[in-house]
There are 2 protein chains.
Amino acid sequence: MSAYDDLMAFTRETQALAQIAGRLDWDQETMMPRGAAPQRGEECAAIASVLHARRVDPKVSEWLAKLDATELDETARAQLRHIRRSHDRNSKVPAALAARIARVTSEAQGIWAEARSSNDVAAFLPVLEEIIGLRREEALSSDGDLYDALLADYEPGTTGAELEAMFGALRPELSSLRAAVRDAEAPPKLSGDFDEAAQMKLTRKLAKTFGYDMSHGRVDKAVHPFSSGSGLDVRITTRTNPQDPFNCFYSTIHEVGHAAYEQNIHRDYLLTPLGEGVSMGVHESQSRIYENQIGRSRAFTGWLFGEMRDAFGDFGIADEDTFYACVNRVSDGFIRTEADELQYNLHVLLRFDLERALISGDLGVADLEAAWNDRFEADFGFTVDTPANGVLQDVHWSVGLFGYFPTYSLGNVYAGCLHEAMRAALPDLDSQLARGDTTGATTWLRDNLQIHGGLYEPRDVIARARGAEPSEAPLLAYLKEKFTGIYGL
Amino acid sequence: MSAYDDLMAFTRETQALAQIAGRLDWDQETMMPRGAAPQRGEECAAIASVLHARRVDPKVSEWLAKLDATELDETARAQLRHIRRSHDRNSKVPAALAARIARVTSEAQGIWAEARSSNDVAAFLPVLEEIIGLRREEALSSDGDLYDALLADYEPGTTGAELEAMFGALRPELSSLRAAVRDAEAPPKLSGDFDEAAQMKLTRKLAKTFGYDMSHGRVDKAVHPFSSGSGLDVRITTRTNPQDPFNCFYSTIHEVGHAAYEQNIHRDYLLTPLGEGVSMGVHESQSRIYENQIGRSRAFTGWLFGEMRDAFGDFGIADEDTFYACVNRVSDGFIRTEADELQYNLHVLLRFDLERALISGDLGVADLEAAWNDRFEADFGFTVDTPANGVLQDVHWSVGLFGYFPTYSLGNVYAGCLHEAMRAALPDLDSQLARGDTTGATTWLRDNLQIHGGLYEPRDVIARARGAEPSEAPLLAYLKEKFTGIYGL
């Protein structure tokens, strides 16, 4: 066995343990009995401690030191890049701190869910403050900006300042488009009662339509939809609301984008660092292009209209064009995950700015709710009614995810780039989508992006697929054309 | 921190990891997509390897060597007894072998399920032979009899020869009682179609009636019912068959016996070696006393009759006495888990003898089906019709469980002892059970046995609860009285 083989055998076992840790999270959100939370906290802490010990194991440094990258092929060099990055980052974080973060965030999820259902912000703040303190402590072990250190967990090679510049270019354009849309006549709103079992049935059909492989996954309900796992076992969750079947369907399509990415990575990379999506931003590009550029296109919504008529009968929308406008209706809403494409990034920018301030210390948790509500009113023009519709709406902070939110908007930018390239490569795309056939689109995404897993750096894999460096321009052009058309601007 | 505190902190983390490994098994049987099996095999191997490394960690020997048991209290001494036993046993098994057993048995479960559903014994034999070889290899690392080494995993302090003697005392008495019953007139058999959703609803009510704590557990369906986990998260599975609701109900009550034992152990022992049922035999004593001595008693079946009438309407059984006889009907059947109390132990003795011969090498897998079928015909008087009703019926061997089957009959013997003592302590028991109130019985079992977890050795905890050494005599007396009464012998 060479040093490379030894290192990869060790790494493969670590990846398998990481999959187990992810499965525990899935279980916690879908299956776990409520009273198990304290014990689960111990379990999560134990596996986090094992994973941390392996990631900082001195054997890894020794193997890495023995290896000459120039003697290795591109794949092996990419494996080493990921292993070295993980080893270096984790070596800076003490095992006791990693275990404590795992334990506290595991318990915090239950506290958050309770606080959200009882609209009790105060009940969530102590544990939120504890989590922020722990993640600041973690970030302090890296040099440089605290927020950038956290961001590196989700989007290696990107800084808060770079994102701020990109979001700065997006924001005025989105604001101006949004103002124009709000002055125009709105399309009809979906109304009525949509049977939840029928929603789940159609949502499973949609998952399959978008290439989700049910023999390597499953669909369950959870408070907050998510995708979990890599390789041969990639599970998704969705939610139902009798008044809002689009929430169910587009949550599903979104999570299928994440899950299909994980399922479609080259099988040679299974249980290695290359066998996972390369970054959260690239991941989000897949979920968003599935959800929006494909799922909310005029062509695909034409097919979906027929499916919904079959499932629910006449639901008060007369034709495909009206349905398309209805699907893409820009509404005043509080909830990020329910937001239309146009306003979605404004939700994200709010969180990005607030969480940077929380981490820097410029904002304390006692002032968080007021800061959220003020910013929301400034950006959206109306007032948050309840904490469940405001500061308590997202699970992210309760599980310690700081630096994660901006990857959503980065993903939208990347989705814009990919969509432009995919349209150029597939002139027939709309006629396929109009038949409910996503094979052309999902195959293009698989072959040009998903299959590579972690082989290329995040920005590079987008550049390869696009044939040019990433830019926010295609996303803006797409949004302008789409909403100008729907709203007759 | 003293050496004891260090050892217990390390052990507590190991116990948490062991709970995770158990949760993976639960997931595999209930939730996991089929195509995930190869990856799950890697995951199981990885966590087994971590657990094995911790159980044989030289730090454990060092801590144990530093500790003077005479300075510790009874609880601490019991913890050390378990830790030392686990450390010694595992130190004899190489990590690579442990990982290989985990991987092969994980994959074998899928192969077994396929073979069983297609009645294809040959498809299962190669992996069965591999498993037997691996477990023999494991047993060879201990001194003494190979089968006893495997038995020690499930029933420490018991040997195959001791069990053979005990089963030798049981067998002629059971045979003679069985012969008398078969010559007598049989009670009516349950027939009709029983809605499976209604079965699941009543089965959940039964679980709660027997004290199962749903806030620390859940009930799902699986091919083979089981209980999984300890402490705050103890899950059970059951199955439904429209023609046989008793299968569902008594599988549930059986698994609730196992699960209540785990849920009721003293909370001070959570995630320590004392926080688990002390042996499989003692575990089975709980499942069997819940299922049979309580659940199939005249008093409790009187209440269940009313519940079934409420759930299913008139199902063709006229009164409580007839229902009681019907529940306890002795039928010609192939399936161990569906067998009545009278014949159940004959099923177990068959497996005990065959698996001892497989492990000793006296029997090869190529001859297993014929050996099973011959023995079955000799013991039961009729012929096995399909492998799914014969040699492929149980999951145990596919997951590597050799030495496990005899603990079922040992559990019945222990249940007989506990039942005798419980009846003496609770003269009012039958009037409680007739109201569907198991509180007296389950509280007595909790306080006299379950709460102790691993504090006492298996045989000792039964002796303490009984107030005398264990014996097969109470079980035989109970069975004779019960079936003499029902069959008017």
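Residues numbered from 1 in each chain as written. Chains lettered and ligands numbered in written order. Predicted model: local features only at pLDDT ≥ 70, side-chain atom pairs only at ≥ 80, totals over all residues.

**Q** Just checking my understanding: could you explain the pairing of strand E3 (residues 235-238) of chain B for this structure?
**A** Successive residues of a regular strand alternate their side chains across the two faces of the sheet. Residue and element names in this part refer to chain B. On E3, burial covers both faces: Arg235 and Thr237 on one face and Ile236 and Thr238 on the other are all buried. Across three bridges, strand E1 (residues 219-221) lies against E3 in parallel orientation. Paired with Lys221 across the strands is Thr238, a residue of E3. As paired strands, strand E2 (residues 227-228) and E3 are joined by two bridges and run antiparallel to one another. Note on E3: the bridge partner recorded for Ser227 is Ile236. Hairpin connection, E2 to E3: the antiparallel pair is bridged by six residues, and Gly229 has positive phi, about 100 degrees. (Buried ≥ 20, exposed ≤ 12 C-beta atoms within 10 Å, placed from the backbone. Helix = DSSP H or I, 4+ residues; strand = E, 2+ residues; numbered from the N terminus. Pairing = 2+ DSSP bridges.)

**Q** It is not clear to me how the interface of chain A and chain B should be interpreted in this structure. Could you clarify?
**A** It is common to give the size of an interface as the accessible area lost on bringing the parts into contact. Taken together, the 33 residues of chain A in the interface contact 33 residues of chain B. Broken down by secondary-structure element, the contributors of at least two residues to the side of chain A that touches chain B are helix H1 (3-30) and helix H2 (37-55) of chain A. Classifying every residue of the side of chain A that touches chain B gives 16 nonpolar, eight polar and nine charged. (Contact = placed C-beta atoms within 7 Å. Nonpolar A, V, L, I, M, F, W, Y, C, P; charged D, E, K, R; others polar.)

**Q** Teacher, can you tell me more about the relation of the copies chain A and chain B here?
**A** Between the two copies of this chain, the relationship is a rotation about some axis together with a displacement along it. If you rotate chain A by 180 degrees and push it 0.0 Å along the axis, it lands on chain B with an RMSD of 0.0 Å. As the rotation angle and translation indicate, the two copies are arranged about a two-fold axis. Comparing interface residues between copies, 100% of those in chain A also sit at the interface in chain B, which points to an isologous, same-surface contact. (Least-squares fit on C-alpha atoms with pLDDT ≥ 70 in both.)

**Q** I would appreciate a short explanation of helix H18 (residues 439-448) of chain A in the present structure.
**A** An α-helical turn contains 3.6 residues, so any two residues separated by three or four positions project in the same direction. All names here are of chain A. For H18, the full list of buried residues reads Ala441, Thr442 and Leu445. What you see down the axis of H18 is that its buried residues fit within an arc of 90 degrees, all on one side. Counted as exposed and oriented over 90 degrees from the buried face of H18: Thr439 and Asp447. In this structure, the buried side of H18 is in contact with helix H10 (245-264), helix H11 (280-294), helix H16 (406-425) and helix H17 (429-433). (Arc of directions from axis to C-beta.)

**Q** Would you mind showing me how to read the environment of B:Phe315 here?
**A** Residues and elements named next belong to chain B. Turning to its location among the elements, Phe315 is positioned in the loop between helix H12 (298-312) and helix H13 (320-327). Expressed as a C-alpha distance, the spacing of Phe315 and Gly192, which sit 123 residues apart in the sequence, is 7.0 Å. Setting aside chain neighbours within four positions, we find Phe315 in contact with Gly192 and Met308.

**Q** What is the right way to read the sheet that holds E1(B) from this model?
**A** The strands making up a sheet associate through backbone hydrogen bonding, with each pair oriented either parallel or antiparallel. Residue and element names in this part refer to chain B. Read across the open sheet, the three strands follow the order E1-E3-E2; overall the sheet is mixed. Strands with a single pairing partner mark the edges of an open sheet, and in this sheet they are E1 and E2. Together, E2 and E3 form the strand contacts of helix H10 (residues 245-264), whose direction differs from that of E3 by roughly 160 degrees. (Axes fitted to C-alpha atoms, helices over the stretch in contact; angles between N-to-C directions.)

**Q** I would appreciate a short explanation of the domain arrangement of chain A in the present structure.
**A** Residue and element names in this part refer to chain A. As assigned here, chain A comprises domain 1 (3-143) and domain 2 (160-487). Taken residue by residue, the interface counts 35 residues in domain 1 and 31 residues in domain 2. Ranked by the residues each element gives to the side of domain 1 that touches domain 2, the list is headed by H1, at twelve residues. Looking at side-chain class alone, the side of domain 1 that touches domain 2 contains 16 nonpolar, eleven polar and eight charged residues. (Domains from an automatic or database assignment.)

**Q** Help me understand helix H8 (residues 160-183) of chain A, please; the structure alone is not making it clear to me.
**A** All names here are of chain A. Taking 1.5 Å of rise per residue, 24 residues should cover 34 Å, and H8 covers 33 Å from first to last C-alpha, within 8% of that figure. Of the residues making up H8, those classed as buried are Gly160, Leu163, Phe167, Leu170, Leu174, Leu177 and Arg178. Where H8 is buried, its residues contact helix H7 (146-151), helix H14 (341-360), H16 and helix H20 (473-487). (Expected span 1.5 Å × (residues − 1).)

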